[in-house]
Amino acid sequence: MAARGGKKIVIVKKKVGGGGGHHGGSWKVAYADFVTAMMAFFMVMWILGMDDKTKQAIEGYFANPVGYKKGFGAGSSPVSTGSAPSNLQKTPLRMIVRSAEQKQFENLRRIILEKLAASDSLRKLNALVDVQVTKEGLRIELVESGKGDVYFPIGSSRMNSATMLTLQLVGTELAQLSNPVVLEGHTDGAKFGKDAAYTNWELSTDRANAARRVLESTGVDGSRVLEVRGYADTKPRVFDDPLAAANRRISILLPFTNVPESAPNAEALAAAKQDSLVSNIAQPPQRDD
């Protein structure tokens, strides 16, 4: 191309590469973001579908990931246990044992309440039985009502028919388990007399011991009875009325298993505490040779 003054004009054409279209690389970034978001979404949905105990374990990992990584020698998973023993291994064990016992006690509570409700005799006797899963374990209480002589005559450890019927019904269900049992006796604040040799301490203990004998007669193994306690009037059910009939009661407690801090694994726990639930966790399935 000719130019003025005889000089040649050179025209340089440059192509500017655009990032759009299917030949660019920006779509890869967008796709990667989409896949990451979907993975996060499915992780959240997966965690929401877990039980509360597992959620707590995962929450503990994200709250202190360094501690969890130090605790698990074979990996950093918050819901698995590594080969190296550590204090963190005991937390999942306690969670497993408590969760299993919680379900067992809730199921037993439902069965007992259904059988009590189906008993016409107990309904006619106005027998009040309170069955609750508490922080201590499963507590079954035979609570006095009305004049306070449904289960025992006033000031006596001699059982009425309502007591025998209730304990026989409850004992039949407890006999099918192997959990330890604690029996407690409670009285109201009424005193026997200033110089009486027999007091509410003896009365509460005698009533709890009488309940123990009936439970054992229904098939509850005596070796399962950990304690027979007499509390007199020191633990009232109605705090603002020491003389209330509801303070006179018999309690049957199936305590939660207490996993000791020194137990590094399920085998050690089962060796320290012979309990069918813990033994089932600790023992591997038997192989038929």
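Note that the structure is a prediction, hence the values are computed from the model and not measured.

Novice: Account for the pattern of salt bridges, with residues named and values stated.
Specialist: Side chains that differ in sign of charge can pair as their charged atoms come close. With the rule as written, the count across this model stands at 13 salt bridges. Across the pair Glu184 and Arg139 runs a salt bridge whose closest N-O atoms are separated by 2.8 Å. On the criterion of sequence distance, the pair formed by Glu184 in strand 3 (residues 181-186) and Arg139 in strand 2 (residues 137-143) is long-range, its members being 45 residues apart. Comparing Glu184 with Arg139, the two get one shared label, buried. Salt-bridge contacts for Arg249 lead to Glu141; the nearest nitrogen and oxygen are separated by 3.1 Å.

Novice: Tell me about unusual backbone geometry, and please be specific about residues and values.
Specialist: The backbone phi angle of Asn126 is positive, close to 55 degrees, even though this residue is not glycine. Following the sequence through the fold, Asn126 ends up in the loop between helix 5 (120-124) and strand 1 (128-133). Taking the relative accessible area as the measure of exposure, Asn126 reaches 55% and is therefore exposed. In this structure, Ala232 is a non-glycine residue whose phi angle is positive, near 55 degrees. In this structure, Ala232 sits in the loop between strand 4 (225-230) and strand 5 (249-255).

Novice: How would you explain the sheet that holds strand 3 if you had to name every residue and give the values?
Specialist: Read across the sheet, five strands follow the order 1-2-5-3-4 without closing on themselves; strand pairing throughout is mixed. Lying at the two open borders of the sheet, with one neighbouring strand each, are strand 1 and strand 4. The mean angle between the axes of side-by-side strands here comes to 15 degrees, regardless of whether they run parallel or antiparallel. With respect to the sheet, helix 7 (residues 200-217) is in contact with strand 3, strand 4 and strand 5, its orientation differing from that of strand 4 by roughly 150 degrees.

Novice: Any chance you could break down the side chain of Arg139 for me, citing the residues and the numbers?
Specialist: Judged by relative accessible area, which is 12%, Arg139 ranks as buried. Side-chain polar atoms of Arg139 contact the side chain of Glu136, separated by 2.9 Å.

Novice: Tell me about the environment of Leu108, residues and numbers included.
Specialist: In this structure, Leu108 sits in helix 4 (residues 90-117). Here Leu108 falls in the buried class, since its relative accessible area comes to 6%. Taking the C-alpha atoms as reference, Leu108 lies 8.7 Å from Leu174; in sequence the two are 66 residues apart. Those residues within four positions of Leu108 in sequence are excluded, and the remaining contacts are Leu138, Glu173, Leu174, Leu177 and Leu254.

Novice: Pulling in residues and values, what's your account of a nonpolar patch on the surface?
Specialist: Taken together, the side chains of Trp27, Tyr31, Phe34, Val35, Met38, Phe41, Phe42, Val44, Met45 and Leu48 make up a nonpolar region of the molecular surface, amounting to roughly 1,000 Å² of accessible area. The topology assignment puts Phe42 in helix 1 (residues 26-48).

Novice: Tell me about the nonpolar core, and please be specific about residues and values.
Specialist: One finds Ile140, Leu167, Leu174, Leu183, Ile252 and Leu254 to be the most contacted residues of the largest nonpolar core, which totals 32 residues. Mapped by element, the contributors of at least two residues to this core are helix 4, strand 1, strand 2, helix 6 (161-174), strand 3, helix 7 and strand 5. Once residues within four sequence positions are removed from consideration, Leu167 is found in contact with Leu142, Met159, Ala211, Val214, Leu215, Thr218 and Ile252.

Novice: Run through the side chain of Asn160, naming residues and quoting values.
Specialist: Its location among the elements puts Asn160 in the loop between strand 2 and helix 6. Here Asn160 is in contact with Asp149, Val150, Tyr151, Phe152 and Pro153, once residues within four sequence places are set aside.

What counts and how
Sequence positions are assigned chain by chain, starting from 1 and proceeding in written order. With pLDDT at 70 or above as the cut-off, local features in this predicted model cover only qualifying residues; side-chain atom pairs require 80 or more to be listed or tallied, and sums for whole chains, interfaces and linings still use all residues. The basis for every side-chain value is the complete set of non-hydrogen atoms in the structure, without hydrogens or water. By definition, a salt bridge exists where a carboxyl oxygen of Asp or Glu is found within 4 Å of a side-chain nitrogen of Lys or Arg. Counting from the N terminus, the helices are DSSP H or I runs at least four residues long and the strands are E runs at least two residues long. Burial here depends on accessible area, computed with a 1.4 Å probe over protein chains only, as a share of the maximum for the residue type. Under 20% is buried, over 50% is exposed, and the range in between is partly exposed. At least two bridges found by DSSP between two strands are what make those strands a pair. Each axis is a line fitted through C-alpha atoms, taken for helices only over the stretch in contact, and angles between the N-to-C directions span 0 to 180 degrees. Contact between two residues is taken to exist if any of their heavy atoms lie within 4.5 Å; hydrogens are not considered. Definition of a polar contact: a pair of N or O atoms within 3.5 Å, with one able to donate and the other able to accept a hydrogen when the atoms are protein atoms, and with sequence-neighbouring residues admitted only if both atoms are side-chain atoms. Here, patches come from residues exposed beyond 30% relative accessible area and free of salt bridges, joined within 9 Å for like charges and within 5 Å for nonpolar side chains (Val, Leu, Ile, Met, Phe, Trp, Tyr). Computed with a 1.4 Å probe, the accessible areas rest on the Shrake-Rupley method; for each residue, only the protein chains presented here act as cover. Working definition of a nonpolar core: buried Ala, Val, Leu, Ile, Met, Phe, Trp, Tyr and Cys residues. They are joined through side-chain atoms within 4.5 Å.

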